[in-house]
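# Per-entry structural report
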Amino acid sequence: FDAGGNYDGGVIEMSVNGGAFTDIGSSVYNGTIFNGGSGNPNPLRGRVGWVKNSAGTIHTSLTQAIAPTSTVQFRLRLGADGGFGAAGWDVDNIAVTGVVETPNATVIADTGCSVATTTSITPSANPSPAGSSLTLTATVNSASGAPNSGTVTFLDAGSPIGTGPVSAGVATFSTSSLSAGSHTLSARFEGIPGFLPSTSPTYTQTIGTIATTSVVVASVSRSNFSRPVTFTATVTGTTGTPTGTVTFFDGVNTLGSIALSAGSAAYTTSGLPVGPHSITVQYGGNGTYAASVSVATLIVVETNKTDFTAEGRSDIVLQNSSTNSIAAWNMNGSTLTAGAVVGTPVAGWLVRATGDLEGDGNADIILQNTSTGAIAEWRMNGLSMTSGTVITTTSTDWRIAGTYDFDHDAKADIIVQNNVTREIRIWIMNGAVISSNNSVGTPIAGWKVITGANIGGDALVLQNTSSNFVARWSMNGATMTGGVNIGLLPANTNVIASGDFTLDGVDDLVLQNTSTRDVTIWSLNSSAAITGNNLISTPVAGWAVLGTGDYDANGRADLLLQNSISNSVAMWQTDGVTLLSGAVVTTPAAGYKPIVN
């Protein structure tokens, strides 16, 4: 505009809801409008307004706080005296924002009335992890200041990924959808009347994959051959829940791949061979989450102590007290499927225990000579003896208390105790060879080792024949790491054997009262605390529990009994609380008695 000095001038006024027009431009005016004289009056004389010469186009932005639903009118007023010495006022490119009805919806571009802008873009973080929220901030500016409206489009390699409104020259956009890798990002201000469009320089945004941690756990740390074992993998990320697939490995051998569900996957198998197994899980990752490998979890698959046929079921070994003959029965639950005389040792040799000394999946028979103290192995293949080897010759004061795999090599080790000194030793076995002869400790008078068991880890179970207390010695290999009393037995009651009746991976204890014949199970937890003291049944006269075994390969221990009157052999299935079923297996020939350790 050119108002001819201060004698002409203009103002902008607003009316709200039909009210009086009021001046709204005082913050942008540049002077006071004069009067031309008494004979040459200016109707706007004395008011502040736009006066003089603008020296070109000027750009003005006015913001007013208006109550919602209001009706607003604007007017531009030019006041002049009677002289005509200047060009006057040109008004162009009027835009209104923040209203329902937009006047001047079509604005003809007038570059002479618009200023160039510059746009820049900055990220909230670079690099940033995939899946996390990344905020992009665009800043728009010009020589005439920052625009207070308009839109910025944010682009990835030139393609729009989102928009943000401009306020005081700033627009933001947040996204968590960018995939892992490099992205070429930029921001484009779309322009508004008075401010030309502009695009920022590009920059490279690095989206990193989210770090993950994979963990695998086994349902049990020890398992008998053919018993199902479940491995559960859990994959966690520093944020969110990973998706994709995990692969389970036994050493370098692939077991199987399972899709994650809520970050977890489970794989169950009953096909692990006898021996130690190092199980790991590998998470393959995806576009968002990084791959990871778990630390190995170790599990030992063992032969059932009396499984002669590598079928995953306990079998029964018997010895005839008259003829000294040794027989083996192949079992399928309580059904005798096959039986054979294994051999007849010379006088003095008695079966004391069974266990897979060779680690070949077939239980072997361990004998002791009552005259010489010699201890021998009969190596078994099915119901046949393939060889016999003397392990060692020791004093007859030493008794064999049972077998258990203390060094986790899937080969049974032998537990012995001296009847005179009470010293307990563990022989770490490699076939018929004692690879390590270890003194565990010498308990005080009255303590007798009953069996090896898994009670919160490897353990020995002892009973004091005087006080009737029962104790657990925790073991690390052949070293005792601690002892704790489990409980006090009722009078005339003995610990017969151990076995997992509740399928919790912890062995429980089987008790029988010699007077009442009551058969009771102490359910134990991993701390050796008694969680259940359950009377299973009271058999009729003559029946005694000999030991335990998993004769139906369901993972739950069963009870083996024999009647001293009829010589019949029976089997009980129990869940540790009640007697589920019971059946007579058969009645062997006179003199035969099952040997169970």
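Attention here is on the structure that accompanies the text. Computed from a prediction, not measured in an experiment: that's the story for all the values here. (Residues numbered from 1 in each chain as written. Predicted model: local features only at pLDDT ≥ 70, side-chain atom pairs only at ≥ 80, totals over all residues. Heavy atoms only, no water.)

Moving on to the environment of V229. By the secondary structure assignment, V229 is in strand β17 (residues 229–237). According to the relative accessible area criterion, V229 is buried, its value standing at 1%. In sequence terms V229 and L272 are 43 residues apart; their C-alpha atoms lie 8.7 Å from each other. (Helix = DSSP H or I, 4+ residues; strand = E, 2+ residues; numbered from the N terminus. Buried < 20%, exposed > 50% of the residue type's maximum accessible area, 1.4 Å probe, protein only.)

Read from one edge to the other, the open sheet built from 3 strands follows the order β15-β17-β20, with strand pairing classed as antiparallel. This sheet does not close on itself; its edge strands, each paired only once, are β15 (212–218) and β20 (264–269). Adjacent strand axes in the sheet meet at a mean angle of 15° when their direction is disregarded. Here 7 bridges tie β15 to β17, and the two strands are oriented antiparallel to one another. If you follow S214 over to β17, its bridge partner there is V235. (Pairing = 2+ DSSP bridges. Axes fitted to C-alpha atoms, helices over the stretch in contact; angles between N-to-C directions.)

Counted under the stated rule, the structure contains 12 salt bridges. Across the salt bridge formed by E190 and R188, the nearest N and O atoms sit 3.0 Å from each other. R188 gets classed as partly exposed once you look at its relative accessible area, which sits at 29%. The partner of E358 in a salt bridge is R379, and the shortest N-O contact between them spans 3.7 Å. Placement of the pair is E358 in the loop between β27 (349–355) and β28 (364–369) and R379 in strand β29 (residues 374–381), with a sequence separation of 21 residues. R379 sits in the partly exposed class, given a relative accessible area of 32%. Counted as one network, the salt bridges with shared partners bring together E13, D23, R47, R75 and R77. (Salt bridge = Lys/Arg side-chain N within 4 Å of Asp/Glu carboxyl O.)

We now examine the side chain of E423. Along the chain, E423 falls in the loop between β32 (413–418) and β33 (424–430). At 2.5 Å, the side chain of E423 and the side chain of R425 are in polar contact. In this structure E423 touches W398, V416, Q417, N418, S439, G441 and T442, once residues within four positions along its chain are discounted. (Polar contact = N/O pair within 3.5 Å; in protein donor to acceptor, adjacent residues only side chain to side chain. Contact = heavy atoms within 4.5 Å.)

Taken together, L76, V91 and I94 make up a surface patch of nonpolar side chains, about 230 Å² in accessible area. Here I94 is to be found in the loop between β5 (72–79) and β6 (117–123). (Patch = residues over 30% accessible without salt bridge, like charges linked within 9 Å, V, L, I, M, F, W, Y side chains within 5 Å. Areas by Shrake-Rupley, 256 points an atom, 1.4 Å probe, with all protein chains shown as cover.)

Our focus in this paragraph is empty space enclosed by the protein. Taken as a whole, this structure holds 1 cavity of 30 Å³ or more when the rule is applied. In this model, the largest cavity occupies a volume close to 40 Å³. Taken together, S128, P129, A130, G131, S132, L134, T175, S176, S177, L178 and I207 form the lining of the largest cavity. By residue class, the composition of the lining of the largest cavity is 5 nonpolar, 6 polar and no charged. (1 Å grid on protein atoms, 1.4 Å probe; cavity = no way out; pocket = protein on both sides within 12 Å on 5 of 7 lines; lining within 4 Å. Points joined across faces, edges and corners; volume = space filled by probe spheres on them. Nonpolar A, V, L, I, M, F, W, Y, C, P; charged D, E, K, R; others polar.)

What follows is about unusual backbone geometry. A cis amide bond, omega 5°, links N126 with the succeeding residue P127. Among the secondary structure elements, P127 is positioned in the loop between β6 and β7 (128–129). One non-glycine residue with positive phi stands out, namely N324, at about 75°. Topologically, N324 is positioned in the loop between β24 (316–320) and β25 (326–332). Phi at A528 is positive, roughly 70°, even though this residue is not glycine. Among the structural elements, A528 can be located in the loop between β41 (519–524) and β42 (530–537).

Further remarks concern the nonpolar core. Nonpolar side chains tend to gather and get buried jointly when the protein is soluble and globular. Core analysis: the biggest nonpolar cluster contains 38 residues, and L136, V152, F154, F231, V246 and F248 have the highest contact counts within it. Filtering out sequence-adjacent residues up to four positions away, F231 remains in contact with V216, V217, A218, F248, A265, A266, Y267, T269, L272, I279 and I299. (Core = buried A, V, L, I, M, F, W, Y, C linked by side-chain atoms within 4.5 Å.)

Once that is clear, we can look at the packing of aromatic side chains. How two aromatic rings sit relative to each other is given by the distance of their centres and the angle of their planes. By the definition in use, this model includes 5 aromatic pairs. Centroid distance F248 to Y267: 5.6 Å. Interplanar angle 25°. Geometry classified as stacked. One end of the pair, F248, is in strand β18 (residues 245–250); the other, Y267, is in strand β20, and 19 residues separate them in sequence. Overall, the relative accessible area of 0% leaves F248 in the buried class. Ring centres 4.9 Å apart and planes at 55° place the aromatic pair Y404 and F406 in the tilted group. Owing to a relative accessible area of 7%, Y404 belongs among the buried residues under this scheme. Of note, R75 hangs over the ring of F21, and the distance from its end group to the ring centre comes to 4.1 Å. (Phe/Tyr/Trp six-rings, centres within 6.5 Å; stacked < 30°, edge-to-face > 60°. Lys NZ or Arg CZ within 6 Å of the ring centre and 35° of its normal.)

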